[in-house]
Amino acid sequence: MRLSRYFLPVLKETPSEAQIVSHRLMLRAGMIKQSAAGIYSWLPLGYRVLKRIEQIVHEEQQRAGHIPMLMPTLQSADLWRESGRYDAYGPEMLRFTDRQDREMLYGPTNEELITDIVRSNVASYKDLPLTLYHIQWKFRDEMRPRFGVMRGREFLMKDGYNFDLTRADAMHAYNRHLVSYLRTYERMGLQAIPMRADSGPIGGDDTHEFLVLADTGESEVFYDSNVTEISLGQRDIDYDDVGQCAKVMEEFTTLYARTDETHDEAEFAKVPEDRRRSARGIEVGQIFYFGTKYSDALGARVQGPDGKPTALHMGSHGIGVSRLVGAIIEASHDDKGIIWPEGVTPFHVGIVNLKQDDPATDSACEGIYKELESQGLTALYDDRKDRAGAKFATMDLIGLPWRITVGPRGLANGLVELTSRRTGETEEVTPQAAIARLKDIYAPHL
């Protein structure tokens, strides 16, 4: 993409309403624009990041054997009355009546709707196990929306639902989701720690939240510092292997790690004093097992191996897709702007032309731009007639991980500059070497 033809409305000044880093930088980098309290338009740069995160979530869900679908944003109040949650959910639910006087709601979650779909179409234990998921916009009418996309009213969320014959089967689904979530976050350059949490209005006794440590986090968390030393890495996980998934669950949840709602001082005191930590955390996902709560209420049963009707065991599993954009920025930025991890960057590299309209530099930039494209790498080419300082400031603000700088002085020696946004380190290399280096860096992400 050529910056002269792109829509990137960057701001020089920080908007007064932005209270945290991610909100400030998303507004300044031209990623979002508020349309109403807690509701945002996603502008082209922000939309690219959002879609990249969504793609990673899809890939990891399907790797775990989960099946994508799409449910509507609007739901009938009747289903929620069947489950008993319509009146219990609270004022965060946006309720309304359509022109036929039917009571409707803008879905904050989809347990009722997915259970209705399954009860209408699944009749035998032979159709199990089954996990369905979708990525869809949700709405919760927060009293005080704040912090940009971190606590908005409208948000994009992946929510998945498992249906199993027994509790043991459902707990394997729970463990499987934990493993897939760990891989998802690591691909985005995040360390998200699973912490014992409170189930809230979803219900159930087994639930873990995934939290990214950050000073601006909404939740107070308590943990054994050794949990930050664990990573899934490149392990080859067989999602059908019950024992292997259970082992990963045990590894990541045995050490103390809890949110403030479930914090236990007596248990925390058992952690060696030099490893006790308290901090703030940003919730980026949560997994639940809630047994037969919804299947009992909505009559979702299958014929078991003994020929008798059996209520389905269920769980739900969410990832805050739009919220992750803010969480990544909170975890990865400096005083110049955003620093995107390679896995989620909107463009793989920025190209800065230091002397626009100079035939040699224009030709070199065009050649690099086209060669990157042929190698499957996306470049944002700053071809504007602007001073070098302004171009560098824009690239630093929007946070592309790598920058190629092309100028007459370097080209006289057949060289360009390749700069890392994260470290600031610059090396002079040939254009071919810069492209080859980027191809190697991004190979795991393409």
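The structure this text deals with has already been given above.
I will try to describe carefully the structure that is included in this document. (Residues numbered from 1 in each chain as written. Predicted model: local features only at pLDDT ≥ 70, side-chain atom pairs only at ≥ 80, totals over all residues. Heavy atoms only, no water.)

Turning to helix H11 (residues 388–398), a few remarks are in order. Those residues of H11 lying buried are Ala-390, Lys-391, Thr-394, Met-395, Asp-396, Leu-397 and Ile-398. Looking at the buried side of H11, the elements it contacts are helix H1 (21–28), helix H2 (44–63), strand S18 (337–338), strand S19 (349–353), strand S20 (379–382) and strand S21 (402–406). The positive-phi residue at the C-terminal boundary of H11 is Gly-399, with phi of around 80 degrees. (Buried < 20%, exposed > 50% of the residue type's maximum accessible area, 1.4 Å probe, protein only. Helix = DSSP H or I, 4+ residues; strand = E, 2+ residues; numbered from the N terminus. Contact = heavy atoms within 4.5 Å.)

This next bit is on the nonpolar core. The nonpolar side chains of a soluble globular protein tend to be buried, and buried together. Counting 70 residues, the largest nonpolar core has Met-31, Ile-53 and Val-325 as the members making the most contacts within it. By residue number, the principal contributor to this core is helix H5 (residues 167–187), which donates 8 residues. Residues contacting Ile-53, with those up to four places away along its chain left out, are Met-188, Val-321, Leu-324, Val-325, Ile-328 and Val-344. If you look at the next biggest cluster of nonpolar residues, it comprises 26 residues, including Met-93, Leu-105, Leu-132 and Leu-165. (Core = buried A, V, L, I, M, F, W, Y, C linked by side-chain atoms within 4.5 Å.)

Let's shift gears to the pattern of salt bridges. Taken as a whole and assessed by the stated rule, the structure comprises 26 salt bridges. Residues Arg-167 and Asp-206 are paired through a salt bridge, measuring 3.1 Å at the closest nitrogen-oxygen approach. One end of the pair, Arg-167, is in helix H5; the other, Asp-206, is in strand S10 (residues 206–213), and 39 residues separate them in sequence. In this structure Asp-206 comes out as buried when scored by relative accessible area, which is 16%. Here Arg-235 ties to Glu-251 by a salt bridge, and the two come within 2.8 Å at their closest N and O atoms. Here Arg-235 is found in the loop between strand S11 (219–224) and helix H6 (242–253), whereas its partner Glu-251 is found in helix H6, with 16 residues between them in sequence. Connected through salt bridges with shared partners, the residues Glu-59, Glu-60, Arg-63, Arg-183 and Arg-187 form a single ionic network. (Salt bridge = Lys/Arg side-chain N within 4 Å of Asp/Glu carboxyl O.)

Quick look at helix H13 (residues 431–442) now. Helix length check: H13, at 12 residues, gives a terminal C-alpha distance of 17 Å against a target of 16 Å (1.5 Å per residue), a fit within 8%. When we look at burial in H13, the residues that qualify are Pro-431, Ala-434, Ile-435, Leu-438, Ile-441 and Tyr-442. Seen end-on, H13 carries its buried residues on one side only, within an arc spanning 125 degrees. For H13, the exposed residues lying more than 90 degrees away from the buried face are Gln-432 and Asp-440. In this structure, the buried residues of H13 make contact with S19, helix H10 (359–374), S21, strand S22 (416–420) and strand S23 (426–429). (Expected span 1.5 Å × (residues − 1). Arc of directions from axis to C-beta.)

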